[in-house]
Amino acid sequence: MKKVLLGIIIILIATLVFKTCSDTKEQKTILQESSMLIQQQIQNVSKLIVTEGHFAEVYNYRDSQLIFGSLLTASKKALVVVNADVNVVYDLNEIKFEVNEENKVLHIISIPEPEIQLYPDFEYYDVTADYFSEFGADDYNKIKKNVTASLHKKIAESSLKKNAENRLISELSKFYILTNSLGWTLQYGEKPIQSIEELNVVREIGLQ
């Protein structure tokens, strides 16, 4: 009888150990699968978030130089019409993140700053120059430099960057939805994110 009881106890212990090992292995497998799923989602997210815009600029270029001392003034001028396509881009390949399997946390460390891509098309009208002051490469370079600086100022004052920011939040919200559905926590900088609205607020205050 004792042998039977001992045998039953051994079987129960073996079953319990086997079940515990199986459960632990299953939990580890689920954890690893969740981690791989999160990393795959980050890799599959849009590589670039692009907000497109168009700007026009009319630029009057004038240049005068004194020659032969102050005997003569050589002048040149041009009317320049510029149409520029602009892209505001986030390269999400540059996002820095950590996946903490033990604590089930996706930690977004930092996101790259937006890149301004400017594609101006220059059209020159009424290009005139005196005999002693010809229009040359330096003039064209000066025009392009001045117009480009003016366009960047207009872009900074426009809503393009804000629109790109909204697109960025839309992409980041995918991470929140995924981690939340898996029972994980999304952390941006040092702040755990509890809602999409909170993600928006954290991003707006520039927490990185």
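Predicted, not measured: the structure shown is a model, and the values here were computed from it.

Asks: Which parts of the structure should I look at to understand the packing of aromatic side chains?
Replies: One pair of aromatic rings is described through two measures. These are the centre distance and the angle between the planes. Applying the stated criterion across every chain yields a total of two aromatic pairs. Ring plane angle 15° and centroid distance 6.4 Å describe the contact between Phe 122 and Tyr 124, whose orientation is recorded as stacked. You can call Tyr 124 partly exposed: its relative accessible area is 26%. The structure contains a cluster of three or more aromatic residues connected by ring pairs, namely Phe 122, Tyr 124 and Tyr 140.

Asks: Quick question: what am I supposed to make of the nonpolar core here?
Replies: The nonpolar side chains of soluble globular proteins are, as a tendency, buried together. In this structure, Ile 108, Ile 111, Ile 143 and Phe 175 are the most contacted members of the largest nonpolar core, which totals 38 residues. Not counting residues within four places of it along the chain, the set of residues in contact with Ile 108 comprises Ile 95, Lys 96, Phe 97, Leu 172, Phe 175, Leu 186, Gln 187, Tyr 188 and Gly 189.

Asks: What is the right way to read helix H2 (residues 137-157) from this model?
Replies: Each full turn of the α-helix corresponds to 3.6 residues, which orients residues three or four apart in the same direction. Over its 21 residues, H2 runs 31 Å from end to end, which matches the ideal 30 Å to within 8%, given 1.5 Å per residue. Turning to H2, its buried residues are Asp 139, Ile 143, Val 147, Leu 151 and Ile 155. For H2, the angular spread of the buried residues around the axis is 130°, confining them to a single face. Structural note: H2 exposes Ala 137, Asp 138, Lys 145, Lys 153 and Ala 156 on the side pointing more than 90 degrees away from its buried face.

Asks: Is there a simple way to explain the pairing of strand S4 (residues 105-110) in this structure?
Replies: Regular strands place side chains that alternate from one sheet face to the opposite one. Counting buried positions along S4 yields five of six residues, so the element is predominantly enclosed. The pairing of strand S3 (residues 96-100) with S4 spans five bridges and is antiparallel. For Lys 96, the partnering residue across the bridge sits in S4 and is Ser 110. Adjacent in sequence and paired antiparallel, S3 and S4 are bridged by four residues, among which Lys 104 carries a positive phi angle near 55°. Bridge analysis of S4 against strand S6 (residues 185-188) gives four bridges, and the strand direction is parallel. For Leu 106, the partnering residue across the bridge sits in S6 and is Leu 186.

Asks: Is there a simple way to think about a negative patch on the surface in this case?
Replies: The grouping of Glu 52, Asp 85, Asp 121 and Glu 123 at the surface amounts to a negative patch. Mapping Asp 85 onto the fold places it in strand S2 (residues 72-91). Looking at Asp 85, the relative accessible area reads 44%, which means it is partly exposed.

Asks: When you look at the confidence of the model for the chain in this model, what are you seeing that I'm missing?
Replies: Low-pLDDT portions of the prediction should not be read for the details of their coordinates. Looking at the chain, pLDDT values average 77 and 71% of them are 70 or higher. Within the chain, the element-level pLDDT minimum falls on helix H1 (residues 2-44), averaging 54, and the maximum on H2, averaging 90. This stretch, residues 2-25, has a pLDDT under 50; its non-local contacts, to residues over four places away or in other chains, come to zero contacts.

Asks: Looking at this structure, I do not really get the environment of Ile 196. What am I missing?
Replies: Assignment of secondary structure puts Ile 196 in helix H4 (residues 196-204). Classification of Ile 196 as partly exposed rests on a relative accessible area of 31%. The sequence separation of Ile 196 and Lys 174 amounts to 22 residues, and the corresponding C-alpha distance is 9.3 Å. Filtering out sequence-adjacent residues up to four positions away, Ile 196 remains in contact with Ser 173, Tyr 176 and Ile 177.

Asks: Please clarify how the environment of Tyr 59 should be interpreted in this entry.
Replies: Along the chain, Tyr 59 turns up in strand S1 (residues 48-67). Residue classification places Tyr 59 among the buried positions, given a relative accessible area of 19%. Taking the C-alpha atoms as reference, Tyr 59 lies 9.0 Å from Asn 146; in sequence the two are 87 residues apart. With residues near it in sequence (within four places) discarded, Tyr 59 still touches Ala 78, Leu 79, Val 80, Ile 143, Asn 146 and Val 147.

Asks: I would appreciate a short explanation of the side chain of Ser 173 in the present structure.
Replies: One can find Ser 173 in helix H3 (residues 160-181). Within the structure, Ser 173 has its side chain in polar contact with the backbone oxygen of Ser 170 (distance 2.5 Å).

What counts as what
- Residues numbered from 1 in each chain as written.
- Predicted model: local features only at pLDDT ≥ 70, side-chain atom pairs only at ≥ 80, totals over all residues.
- Heavy atoms only, no water.
- Phe/Tyr/Trp six-rings, centres within 6.5 Å; stacked < 30°, edge-to-face > 60°.
- Buried < 20%, exposed > 50% of the residue type's maximum accessible area, 1.4 Å probe, protein only.
- Core = buried A, V, L, I, M, F, W, Y, C linked by side-chain atoms within 4.5 Å.
- Contact = heavy atoms within 4.5 Å.
- Helix = DSSP H or I, 4+ residues; strand = E, 2+ residues; numbered from the N terminus.
- Expected span 1.5 Å × (residues − 1).
- Arc of directions from axis to C-beta.
- Pairing = 2+ DSSP bridges.
- Patch = residues over 30% accessible without salt bridge, like charges linked within 9 Å, V, L, I, M, F, W, Y side chains within 5 Å.
- Areas by Shrake-Rupley, 256 points an atom, 1.4 Å probe, with all protein chains shown as cover.
- Salt bridge = Lys/Arg side-chain N within 4 Å of Asp/Glu carboxyl O.
- Lys, Arg positive; Asp, Glu negative; His and termini not counted.
- Charge placed at Lys NZ, Arg CZ, Asp CG, Glu CD.
- pLDDT = per-residue confidence, 0-100.
- Polar contact = N/O pair within 3.5 Å; in protein donor to acceptor, adjacent residues only side chain to side chain.

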